[in-house]
Amino acid sequence: MQLTINTTQNVTINFTAATVGDRLLAQILDILVKAAYIVLVIFLFELTDFDRFFTGLDPWSIMAVISLIGLPVMFYSLVQESLWEGQTIGKKIAKIKVIKLDGYQASFGDYLIRWLFRIVELTVGNGLFALIVMIINKRNQRLGDIAAGTAVISLKNKININHTILQEINDDYVPTYPLVIKLSDNDMRIIKENFEKAIAMRDFNTIIKLREKVIEVTGIKNQSGNDQDFIKTLLKDYNYYTQNM
(Lines give C-alpha, C1' and ligand atoms only; values in the text may rest on other atoms or scores of the structure.)
Protein backbone atom coordinates (compact mmCIF):
# COMPACT_ATOMS: atom_id res chain seq x y z
CA MET A 1 0.00 0.00 0.00
CA GLN A 2 1.43 3.38 -1.03
CA LEU A 3 1.34 6.20 1.50
CA THR A 4 1.42 9.66 -0.09
CA ILE A 5 2.58 12.50 2.16
CA ASN A 6 2.41 16.18 1.29
CA THR A 7 5.07 18.06 3.22
CA THR A 8 4.78 21.60 4.55
CA GLN A 9 6.94 22.63 1.56
CA ASN A 10 4.26 21.21 -0.79
CA VAL A 11 6.51 18.33 -1.85
CA THR A 12 4.82 14.99 -2.39
CA ILE A 13 6.66 11.97 -0.99
CA ASN A 14 5.56 8.39 -1.55
CA PHE A 15 6.23 5.74 1.07
CA THR A 16 5.17 2.13 1.33
CA ALA A 17 2.94 1.72 4.36
CA ALA A 18 3.93 -1.14 6.64
CA THR A 19 1.50 -4.02 6.32
CA VAL A 20 -0.52 -5.28 9.25
CA GLY A 21 1.57 -8.46 9.05
CA ASP A 22 4.83 -6.49 9.37
CA ARG A 23 3.48 -4.59 12.35
CA LEU A 24 2.29 -7.79 14.03
CA LEU A 25 5.69 -9.37 13.43
CA ALA A 26 7.43 -6.39 15.03
CA GLN A 27 5.01 -6.54 17.97
CA ILE A 28 5.65 -10.26 18.49
CA LEU A 29 9.42 -9.73 18.36
CA ASP A 30 9.16 -6.92 20.91
CA ILE A 31 7.07 -9.15 23.19
CA LEU A 32 9.76 -11.82 22.94
CA VAL A 33 12.42 -9.27 23.93
CA LYS A 34 10.34 -8.21 26.94
CA ALA A 35 9.76 -11.85 27.88
CA ALA A 36 13.51 -12.51 27.65
CA TYR A 37 14.11 -9.61 30.04
CA ILE A 38 11.59 -10.99 32.53
CA VAL A 39 13.12 -14.48 32.32
CA LEU A 40 16.58 -12.96 32.87
CA VAL A 41 15.37 -11.04 35.93
CA ILE A 42 13.78 -14.18 37.42
CA PHE A 43 16.98 -16.14 36.74
CA LEU A 44 19.09 -13.48 38.48
CA PHE A 45 16.68 -13.44 41.41
CA GLU A 46 17.06 -17.18 41.84
CA LEU A 47 20.82 -17.06 41.28
CA THR A 48 21.39 -14.36 43.90
CA ASP A 49 18.58 -15.45 46.26
CA PHE A 50 17.29 -11.89 45.87
CA ASP A 51 13.82 -12.85 47.10
CA ARG A 52 15.17 -12.65 50.66
CA PHE A 53 15.26 -8.89 50.12
CA PHE A 54 11.46 -8.86 50.24
CA THR A 55 11.37 -10.47 53.65
CA GLY A 56 9.92 -8.06 56.16
CA LEU A 57 8.84 -5.49 53.57
CA ASP A 58 5.29 -4.22 53.60
CA PRO A 59 3.09 -4.86 50.52
CA TRP A 60 3.48 -1.29 49.24
CA SER A 61 7.28 -1.50 49.36
CA ILE A 62 7.22 -4.84 47.55
CA MET A 63 4.96 -3.36 44.88
CA ALA A 64 7.30 -0.37 44.51
CA VAL A 65 10.33 -2.64 43.96
CA ILE A 66 8.47 -4.80 41.44
CA SER A 67 7.27 -1.69 39.59
CA LEU A 68 10.84 -0.37 39.44
CA ILE A 69 12.08 -3.65 37.99
CA GLY A 70 9.24 -3.57 35.45
CA LEU A 71 10.03 -0.08 34.14
CA PRO A 72 12.05 -1.34 31.14
CA VAL A 73 9.04 -3.40 30.04
CA MET A 74 6.55 -0.61 30.71
CA PHE A 75 8.46 2.09 28.82
CA TYR A 76 10.04 -0.23 26.26
CA SER A 77 8.47 1.22 23.10
CA LEU A 78 8.49 4.86 24.25
CA VAL A 79 12.21 4.88 25.08
CA GLN A 80 13.34 2.90 22.06
CA GLU A 81 11.25 4.80 19.51
CA SER A 82 12.50 8.10 20.96
CA LEU A 83 16.16 7.05 20.89
CA TRP A 84 16.07 5.11 17.60
CA GLU A 85 13.99 7.56 15.54
CA GLY A 86 10.75 5.60 15.40
CA GLN A 87 12.06 2.07 15.77
CA THR A 88 12.21 -0.64 18.42
CA ILE A 89 14.18 -3.87 18.25
CA GLY A 90 11.16 -5.54 16.66
CA LYS A 91 10.66 -2.73 14.16
CA LYS A 92 14.35 -2.79 13.18
CA ILE A 93 14.18 -6.51 12.45
CA ALA A 94 10.88 -6.14 10.59
CA LYS A 95 12.32 -3.10 8.73
CA ILE A 96 9.54 -0.69 9.58
CA LYS A 97 9.60 2.78 11.11
CA VAL A 98 7.31 5.45 12.58
CA ILE A 99 7.19 8.79 10.72
CA LYS A 100 5.06 11.92 10.84
CA LEU A 101 2.44 12.42 8.16
CA ASP A 102 4.23 15.62 7.11
CA GLY A 103 7.29 13.55 6.18
CA TYR A 104 9.46 14.73 9.05
CA GLN A 105 10.87 12.85 12.02
CA ALA A 106 8.35 12.29 14.81
CA SER A 107 9.05 14.02 18.13
CA PHE A 108 9.08 12.66 21.67
CA GLY A 109 5.57 14.08 22.14
CA ASP A 110 4.35 12.02 19.17
CA TYR A 111 5.91 8.84 20.56
CA LEU A 112 4.38 9.62 23.96
CA ILE A 113 0.89 9.91 22.46
CA ARG A 114 1.35 6.60 20.63
CA TRP A 115 2.56 4.97 23.87
CA LEU A 116 -0.37 6.27 25.92
CA PHE A 117 -2.87 5.08 23.33
CA ARG A 118 -1.15 1.68 23.20
CA ILE A 119 -2.06 1.20 26.86
CA VAL A 120 -5.71 1.89 26.04
CA GLU A 121 -5.65 -0.29 22.93
CA LEU A 122 -4.20 -3.25 24.79
CA THR A 123 -6.77 -2.81 27.55
CA VAL A 124 -9.76 -2.74 25.18
CA GLY A 125 -10.22 -6.22 23.77
CA ASN A 126 -6.62 -7.26 24.47
CA GLY A 127 -5.44 -5.43 21.35
CA LEU A 128 -8.13 -6.81 19.06
CA PHE A 129 -9.75 -3.39 18.70
CA ALA A 130 -6.40 -1.87 17.66
CA LEU A 131 -5.98 -4.62 15.06
CA ILE A 132 -9.45 -3.94 13.61
CA VAL A 133 -8.70 -0.20 13.38
CA MET A 134 -5.46 -0.90 11.48
CA ILE A 135 -7.20 -3.24 9.06
CA ILE A 136 -9.99 -0.80 8.17
CA ASN A 137 -7.72 2.28 8.08
CA LYS A 138 -6.41 3.13 4.61
CA ARG A 139 -2.99 4.00 6.06
CA ASN A 140 -2.85 0.96 8.36
CA GLN A 141 -2.83 3.33 11.34
CA ARG A 142 -3.88 2.36 14.82
CA LEU A 143 -5.60 4.86 17.14
CA GLY A 144 -2.27 6.02 18.55
CA ASP A 145 -1.04 6.84 15.05
CA ILE A 146 -4.20 8.74 14.21
CA ALA A 147 -3.96 10.79 17.42
CA ALA A 148 -0.24 11.52 16.97
CA GLY A 149 -0.45 12.19 13.23
CA THR A 150 1.98 9.38 12.49
CA ALA A 151 2.14 6.31 10.29
CA VAL A 152 4.39 3.27 10.11
CA ILE A 153 6.26 2.77 6.85
CA SER A 154 8.25 -0.11 5.38
CA LEU A 155 11.99 0.34 4.86
CA LYS A 156 12.34 -2.73 2.66
CA ASN A 157 14.15 -1.95 -0.59
CA LYS A 158 14.51 1.61 0.65
CA ILE A 159 17.01 3.82 -1.14
CA ASN A 160 19.26 5.55 1.33
CA ILE A 161 18.15 9.16 1.68
CA ASN A 162 21.76 10.32 1.27
CA HIS A 163 21.67 9.10 -2.34
CA THR A 164 19.04 11.74 -3.12
CA ILE A 165 20.95 14.72 -1.75
CA LEU A 166 24.51 14.05 -2.90
CA GLN A 167 26.21 16.91 -4.71
CA GLU A 168 29.55 16.75 -6.50
CA ILE A 169 32.17 18.85 -4.71
CA ASN A 170 35.87 19.22 -5.38
CA ASP A 171 38.49 18.15 -2.88
CA ASP A 172 39.51 21.79 -2.38
CA TYR A 173 35.90 22.97 -1.90
CA VAL A 174 35.55 25.72 0.73
CA PRO A 175 32.09 25.85 2.40
CA THR A 176 30.29 29.14 2.98
CA TYR A 177 27.47 28.34 5.41
CA PRO A 178 28.51 26.22 8.43
CA LEU A 179 25.07 26.70 10.02
CA VAL A 180 23.67 24.43 7.31
CA ILE A 181 24.34 21.48 9.66
CA LYS A 182 21.26 22.58 11.62
CA LEU A 183 19.26 20.94 8.82
CA SER A 184 18.65 17.20 8.55
CA ASP A 185 19.01 14.82 5.60
CA ASN A 186 15.25 14.92 5.20
CA ASP A 187 15.24 18.74 5.20
CA MET A 188 17.90 18.81 2.48
CA ARG A 189 16.13 16.23 0.37
CA ILE A 190 12.94 18.28 0.49
CA ILE A 191 14.87 21.46 -0.35
CA LYS A 192 16.65 19.80 -3.27
CA GLU A 193 13.49 18.22 -4.71
CA ASN A 194 11.57 21.47 -4.36
CA PHE A 195 14.44 23.50 -5.81
CA GLU A 196 14.90 21.26 -8.86
CA LYS A 197 11.17 21.26 -9.53
CA ALA A 198 11.08 25.06 -9.27
CA ILE A 199 14.05 25.44 -11.63
CA ALA A 200 12.41 23.18 -14.20
CA MET A 201 9.14 25.16 -14.02
CA ARG A 202 10.90 28.54 -13.66
CA ASP A 203 8.96 29.00 -10.43
CA PHE A 204 11.07 31.73 -8.84
CA ASN A 205 8.55 32.42 -6.07
CA THR A 206 9.13 28.94 -4.69
CA ILE A 207 12.90 29.50 -4.73
CA ILE A 208 12.42 32.73 -2.80
CA LYS A 209 10.25 30.92 -0.24
CA LEU A 210 12.89 28.22 0.11
CA ARG A 211 15.57 30.81 0.76
CA GLU A 212 13.40 32.61 3.32
CA LYS A 213 12.53 29.38 5.12
CA VAL A 214 16.16 28.24 5.32
CA ILE A 215 17.25 31.60 6.72
CA GLU A 216 14.39 31.54 9.23
CA VAL A 217 15.23 28.03 10.49
CA THR A 218 19.03 28.19 10.49
CA GLY A 219 19.87 31.85 10.98
CA ILE A 220 22.13 31.73 7.91
CA LYS A 221 22.90 35.10 6.31
CA ASN A 222 22.65 34.94 2.55
CA GLN A 223 26.02 36.03 1.16
CA SER A 224 24.81 35.78 -2.44
CA GLY A 225 22.40 38.14 -4.10
CA ASN A 226 21.17 35.26 -6.26
CA ASP A 227 18.66 32.88 -4.65
CA GLN A 228 19.56 30.04 -6.99
CA ASP A 229 23.25 30.33 -6.14
CA PHE A 230 22.35 30.43 -2.46
CA ILE A 231 20.42 27.12 -2.61
CA LYS A 232 23.10 25.46 -4.75
CA THR A 233 25.81 26.53 -2.30
CA LEU A 234 23.66 25.35 0.58
CA LEU A 235 23.36 21.87 -0.93
CA LYS A 236 27.10 21.65 -1.57
CA ASP A 237 27.94 22.90 1.93
CA TYR A 238 25.67 20.32 3.52
CA ASN A 239 27.36 17.54 1.57
CA TYR A 240 30.77 18.91 2.51
CA TYR A 241 30.05 18.96 6.24
CA THR A 242 28.18 15.63 6.39
CA GLN A 243 30.82 13.83 4.32
CA ASN A 244 33.71 15.20 6.36
CA MET A 245 32.30 14.77 9.86
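Above this note sits the structure.
The shown structure was predicted, so the numbers you read here are calculated from the model rather than taken from an experiment.

Peer 1: Please explain the environment of I190 as it appears in this structure.
Peer 2: Within the secondary structure layout, I190 lies in helix α9 (residues 185-201). For the pair I190 and L210, spaced 20 residues apart in the sequence, the C-alpha separation amounts to 9.9 Å.

Peer 1: What exactly am I supposed to notice about unusual backbone geometry here?
Peer 2: What you tend to see is this: most non-glycine residues have negative phi, and most peptide bonds are trans. A positive phi angle, near 60°, is found at K95, a position not held by glycine. Along the chain, the position of K95 falls in the loop between α5 (89-94) and β3 (96-100). Located in the positive-phi region is N140, a residue other than glycine, with phi close to 55°. Considering the arrangement of structural elements, one finds N140 in the loop between α7 (128-136) and α8 (143-148). Classification of N140 as buried rests on a relative accessible area of 8%.

Peer 1: Help me understand the nonpolar core, please; the structure alone is not making it clear to me.
Peer 2: For soluble globular proteins, the rule of thumb is that nonpolar side chains tend to be buried together. Of all hydrophobic cores here, the largest spans 17 residues; its most connected members are V180, M188, I191, I220, F230, I231 and L234. Of all the elements in the fold, those that place two or more residues in this core are α9, α10 (204-218) and α11 (227-243). With 6 residues, the single largest contributor to this core is α11. Beyond its immediate stretch of four places on either side in the chain, I220 contacts Y177, L179, V180, V214, I215, F230 and L234. Counting 10 residues, the second largest nonpolar core, distinct from the first, contains L78, V98, Y111 and V152.

Peer 1: Before we go on, may I ask you to explain α7 in this structure?
Peer 2: Residues separated by three or four positions in an α-helix point in the same direction, a consequence of the helix having 3.6 residues per turn. Regarding α7, the residues found buried are A130, V133 and M134. What you see down the axis of α7 is that its buried residues fit within an arc of 100°, all on one side. Within α7, the exposed residues directed more than 90 degrees away from the buried face are L128, I135 and I136.

Peer 1: Where do I start with a nonpolar patch on the surface in this structure?
Peer 2: On the surface, a cluster of nonpolar side chains totalling about 400 Å² of accessible area is made up of L40, F43, L44 and L47. Mapping L40 onto the fold places it in helix α1 (residues 20-48). We classify L40 as partly exposed; its relative accessible area is 46%.

Peer 1: Teacher, can you tell me more about the packing of aromatic side chains here?
Peer 2: The geometry of an aromatic ring pair is captured by the separation of the ring centres together with the interplanar angle, meaning the angle of the planes. For the structure shown, the criterion picks out 3 aromatic pairs. An angle of 20° between the planes, with centres 5.0 Å apart, marks the rings of F75 and W115 as stacked. A residue pair is termed long-range when its members are at least 10 positions apart, and F75 in the loop between α3 (71-74) and α4 (76-83) and W115 in helix α6 (residues 108-123) qualify at 40 residues. Judged by relative accessible area, F75 falls into the partly exposed class, the value being 28%. On the accessibility criterion, W115 (10% relative accessible area) is buried. Plain terms: the ring middles of Y173 and Y240 are 6.1 Å apart, the flat faces sit at 55° to each other, and that makes the pair tilted. Remark: Y240 occurs in helix α11 and Y173 occurs in the loop between β4 (150-154) and α9; sequence separation between them is 67 residues. Overall, the relative accessible area of 25% leaves Y240 in the partly exposed class. Between K92 and the ring centre of W84, over which it is positioned, the NZ or CZ distance is 5.1 Å.

Peer 1: Would you explain the side chain of K91 in this entry?
Peer 2: With respect to the helices and strands, the residue K91 is situated in helix α5. Given the relative accessible area of 8%, K91 is considered buried. At a separation of 3.0 Å, a polar atom in the side chain of K91 contacts the side chain of E81. Setting aside chain neighbours within four positions, we find K91 in contact with A26, D30, E81, G86, I96, V98 and R118.

Calculation rules
Residues numbered from 1 in each chain as written. Predicted model: local features only at pLDDT ≥ 70, side-chain atom pairs only at ≥ 80, totals over all residues. Heavy atoms only, no water. Helix = DSSP H or I, 4+ residues; strand = E, 2+ residues; numbered from the N terminus. Buried < 20%, exposed > 50% of the residue type's maximum accessible area, 1.4 Å probe, protein only. Core = buried A, V, L, I, M, F, W, Y, C linked by side-chain atoms within 4.5 Å. Contact = heavy atoms within 4.5 Å. Arc of directions from axis to C-beta. Patch = residues over 30% accessible without salt bridge, like charges linked within 9 Å, V, L, I, M, F, W, Y side chains within 5 Å. Areas by Shrake-Rupley, 256 points an atom, 1.4 Å probe, with all protein chains shown as cover. Salt bridge = Lys/Arg side-chain N within 4 Å of Asp/Glu carboxyl O. Phe/Tyr/Trp six-rings, centres within 6.5 Å; stacked < 30°, edge-to-face > 60°. Lys NZ or Arg CZ within 6 Å of the ring centre and 35° of its normal. Polar contact = N/O pair within 3.5 Å; in protein donor to acceptor, adjacent residues only side chain to side chain.

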